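Close look at the chain arrangement
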Amino acid sequence: MWALRWLLLLGPIALVVLALRLKPANRRQQIGALFAFLYGLGTIFIGHQIALWFGWWSYGWDALMLAGLPVDIVIGGAILFGPALFLLLPRMGPIWLCLPIVLGLHGSLFNSLQPLVTAGPDWFAGVVFVFATAHIPAIYLAHWTAEDTHLPRRVALLAIMFGANAFVVLPSLIMTAMGGVWALDAKPIWGWIVFLPSFCLAGLLGLAAVQTLALQGQGTAIPLDPTKRLVRTGIYAYVCNPMQLSSALGWIMLGMFLGNVWVMLAAAMAWIFVHGMVRWHHRHDLLKRFPTGWPEYRANVTEWVPRWRPWIKTRATLRLCKTTPGHAQIAAFLKSAHGLDIAWVEERKAYYENPSNIYQYSGLNAVAAALAHMNFAMMLIAHAWLLIALGVIALGAKHNADQMFRRSS
Amino acid sequence: MMQLGTLIQLVLIVSLPTLALYLALGLPVVFLAVELFETRFPASLRDPIRSWILA
């Protein structure tokens, strides 16, 4: 059994080495391969946990296990169905790549992997589930990153990647090292009622930042695949590190829910991460790419404690129409908005224009963008709306959704 | 320097399996150490050390 386990880890590593020897990957392909691995790591872990819970299969080994899963197989799977297959066959679509493996390899071999893996009655459904949620999206993420296309879907997958690793894999590692269990089914209902909304609120900070960076920065939140512009609007007008703040709050709430102080202390690691890697990245990337914009922004917006009122560099305009129902009330409500001018025009649809933005809003989205000029609470409401309204449109777009994020005329 | 620090930490993780998990969880400390070295160390100490390490 050890030989099989070593094969399932070293085999994919060998394939990556072979692929790179056959054809060296360019920088974007390397980054895409890394993202695919990280996405696979978190989603395979979660997918296999779900498989264990449903009884689709079980593992019959007790060495190198994390929450009932063999760590080397999770890592090997993330490498194989990520960097290895992407780099070996960069032109083949993920579904065509995985279909023979799902039907052929798993179909013929899955039942013969005992005692390492014992298949349950619905094991094939589990295999399809893991491929659909983990492996195929991972390879798509690699493709889209390498080609710098499908930005909305890319950032959505990267958000899932981060969430899975930060709030499932990392707490599992912490509890393995320091003690503790998930035991979610043992939590009282009132615990869920308190935890879920507060955790979602913390998550809103991070997701709002991710969406803003994609819309206005034309890039992702990961420094390896950075934005093309300096983003200082929306949530970034209130706090400089919304994603790190979101993560820290998420770990505190998750730790309180699990009754585990070590998971809560991951928030302290977030602080260390900001003072280490994030500041290093700011000096070596943002300061170099935006030598005047970045220092001015940092002088006015804090790293951790959000401002109540936004810092506005350039004034924005909300165009309303006096004959459109509700627009007069909207204008009255936005009287206290900071850095926002109201312009009355003939056109009945509301438009929000900000010289600091690439993506301009219309309709209800314009009103939401204007709300973000009021205060921190209104900004959160605005971003909650934009996440739903724009997210659904972008992810469901049939054509290249990048067109949606081009500058509006 | 950041890449070097990360590489050293990864080598330690692989070569010290009993401490691997704790070393992996402590990776952000490496980032902080490098950042403090680059920004808080006196230049008279930092520059020779950096030249020696990266030469």
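Residues numbered from 1 in each chain as written. Chains lettered and ligands numbered in written order. Predicted model: local features only at pLDDT ≥ 70, side-chain atom pairs only at ≥ 80, totals over all residues. Heavy atoms only, no water.

Description of the packing of helix α7 (residues 189-217) of chain A against helix α8 (residues 242-258) of chain A
Residue and element names in this part refer to chain A. Condition: Angular values range over 0 to 180 degrees, each being the angle between N-to-C directions of two axes fitted as lines to C-alpha atoms, with helices fitted over their stretch in contact. The numbering of helices and of strands both runs from the N terminus, where a helix is a DSSP run of H or I of at least 4 residues and a strand a run of E of at least 2. Put simply, angles under 35 degrees are roughly parallel, angles over 145 are roughly antiparallel, angles from 65 to 115 are roughly perpendicular, and the rest are oblique. Should the near helix be turned anticlockwise from the far one by less than a right angle, the crossing is left-handed, and should it be turned clockwise, the crossing is right-handed. Should any heavy atoms of two residues lie within 4.5 Å, those residues are considered in contact. Gly is put with the polar residues, along with every residue not named as nonpolar or charged; the nonpolar set is Ala, Val, Leu, Ile, Met, Phe, Trp, Tyr, Cys and Pro, and the charged set is Asp, Glu, Lys and Arg.
The N-to-C vectors of α7 and α8 enclose an angle of 165 degrees; their axes lie 8 Å apart at closest approach. It follows from the interaxial angle that α7 and α8 lie roughly antiparallel. The handedness of the crossing between α7 and α8 comes out as left-handed. Where α7 abuts α8, its residues G191, W192, F195, S198, F199, A202, G203, L205, G206, A209, V210 and L213 lie against P242, M243, L245, S246, L249, G250, M253, L254 and F257. Here the residues of the contact of α7 with α8 are counted per class, giving 15 nonpolar, six polar and no charged.

Notes on the nonpolar core
Residue and element names in this part refer to chain A. To be explicit about the condition: Within this scheme, the nonpolar core is defined by two criteria: the residues are buried Ala, Val, Leu, Ile, Met, Phe, Trp, Tyr or Cys, and they are joined through side-chain atoms within 4.5 Å. Think of it in three bands: with a 1.4 Å probe and only protein chains considered, a residue is buried below 20% of the maximum accessible area for its type, exposed above 50%, and partly exposed in between.
Among the nonpolar cores identified, the biggest contains 66 residues, and I235, L318, L334, L340, Y352 and Y361 are the most heavily contacted of them. Counting only elements with at least two residues in this core, the list comes to α6 (151-178), α7, α8, α10 (266-289), α11 (293-300), β5 (316-320), α13 (364-371) and α14 (376-396). Here this core gets seven residues from one element, more than from any other, and that element is α7. Filtering out sequence-adjacent residues up to four positions away, L334 remains in contact with L318, L340, I342, A370, L371 and M374. Counting residues in each nonpolar core, the second largest holds 48 residues, with A33, L97, W123 and A138 among its members.

Here we look at the environment of D285 of chain A
By secondary structure assignment, the location of D285 of chain A is in helix α10. For D285 of chain A, a relative accessible area of 18% translates into the label buried.

Re the sheet that holds β5 of chain A
Note on sheets: strands pair through backbone hydrogen bonds, and any given pair is parallel or antiparallel. All names here are of chain A. Cut-off, in case you're wondering: At least two bridges found by DSSP between two strands is the condition for calling them paired.
If you walk across this open sheet you meet the four strands as β6-β5-β7-β8, and the pairing is mixed. Both outer strands of the open sheet, β6 (340-344) and β8 (361-362), are each paired with one neighbouring strand and no more. When β5 meets strand β7 (residues 351-353), the two strands line up antiparallel, connected through three bridges. Residue pairing across strands places T317 opposite E353, the latter belonging to β7.

So yeah, pure geometry; function would need other evidence.
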